Amino acid sequence: MNASEAPVFGDADWNQYRARVAAALTDVEADMQQRGYGLNCEGLTLEVAGRLQLGVATAEDFEVLEALVKALLPVAREAVRATREDQAGQYCLLLI
C-alpha cells in the first residue's frame with residue numbers, strides 16, 4: 001500500500017493506522033537515541049515507511065506520511081522519555 005492510499009481521519013480504521021505509525025515512530029526514535037544518532041523529519045518518515053512497508057514512490061505519498069510523522073513526533077518523543085524513566089534507561093534493542 002502506498003502512503004497516499006492509507007486511511008485518513010474519519011475512516012473506520014484511521015485510529016488503528018495512526019497507532020501503528022505512532023508505534024513505529026516511537027521505535028525509530030528509541031533506536032536513534034540509543035545509538036546516539038539523530039534523524040531529520042525526512043529520515044524519520046522514510047524509516048517509518050520502511051517499518052510499516054508503506055510505499056513512498058511519489059511526492060504525494062511522502063508528503064502525506066511526513067505530515068502524519070510531524071504530527072506524531074511529540075507523542076513518540078514523550079513515549080520514549082516515559083519509557084526511559086520507567087525502565088531506568090534500559091531498552092531492548094531489536095536487531096533485525
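Going by the structure above, here's the rest.
Nothing here was measured: the structure is a model prediction, and the numbers come from that model.

**Student:** Break down the packing of aromatic side chains for me, citing the residues and quoting the values.
**Tutor:** By the definition in use, this model includes 2 aromatic pairs. An angle of 45° between the planes, with centres 6.3 Å apart, marks the rings of tryptophan 14 and tyrosine 17 as tilted. With tryptophan 14 and tyrosine 17 both in helix 1 (residues 14-35), this residue pair falls 3 residues apart, about one helical turn. Assessed through its relative accessible area of 13%, tryptophan 14 is described here as buried. In this structure tyrosine 17 comes out as buried when scored by relative accessible area, which is 6%. Put simply, the rings of Phe9, Trp14 and Tyr17 pair up and form one aromatic cluster.

**Student:** I'd like to hear about helix 3 (residues 59-86), residue by residue, with values.
**Tutor:** Residues three or four positions apart in an α-helix share a direction because the helix packs 3.6 residues into each turn. For helix 3, built from 28 residues, the straight-helix expectation of 40 Å at 1.5 Å per residue is met to within 8% by its first-to-last C-alpha distance of 39 Å. The largest bend along helix 3 reaches roughly 45° and is located at leucine 72, with the proline proline 74 sitting one to four residues downstream. All of the buried residues in helix 3 are Asp61, Phe62, Leu65, Glu66, Leu68, Val69, Leu72, Leu73, Ala76 and Val80.

**Student:** An account of the side chain of threonine 45 is needed here, citing residue identities and associated values.
**Tutor:** Position of threonine 45 among the secondary structure elements: in helix 2 (residues 41-52). With residues near it in sequence (within four places) discarded, threonine 45 still touches Phe62, Leu65, Glu66 and Val69.

Cut-offs used in this document
- Residues numbered from 1 in each chain as written.
- Predicted model: local features only at pLDDT ≥ 70, side-chain atom pairs only at ≥ 80, totals over all residues.
- Heavy atoms only, no water.
- Phe/Tyr/Trp six-rings, centres within 6.5 Å; stacked < 30°, edge-to-face > 60°.
- Helix = DSSP H or I, 4+ residues; strand = E, 2+ residues; numbered from the N terminus.
- Buried < 20%, exposed > 50% of the residue type's maximum accessible area, 1.4 Å probe, protein only.
- Expected span 1.5 Å × (residues − 1).
- Bend = angle between axes of the 7 residues up to and from the residue.
- Contact = heavy atoms within 4.5 Å.

Remember that the coordinates give geometry; whether it matters functionally is a separate question.
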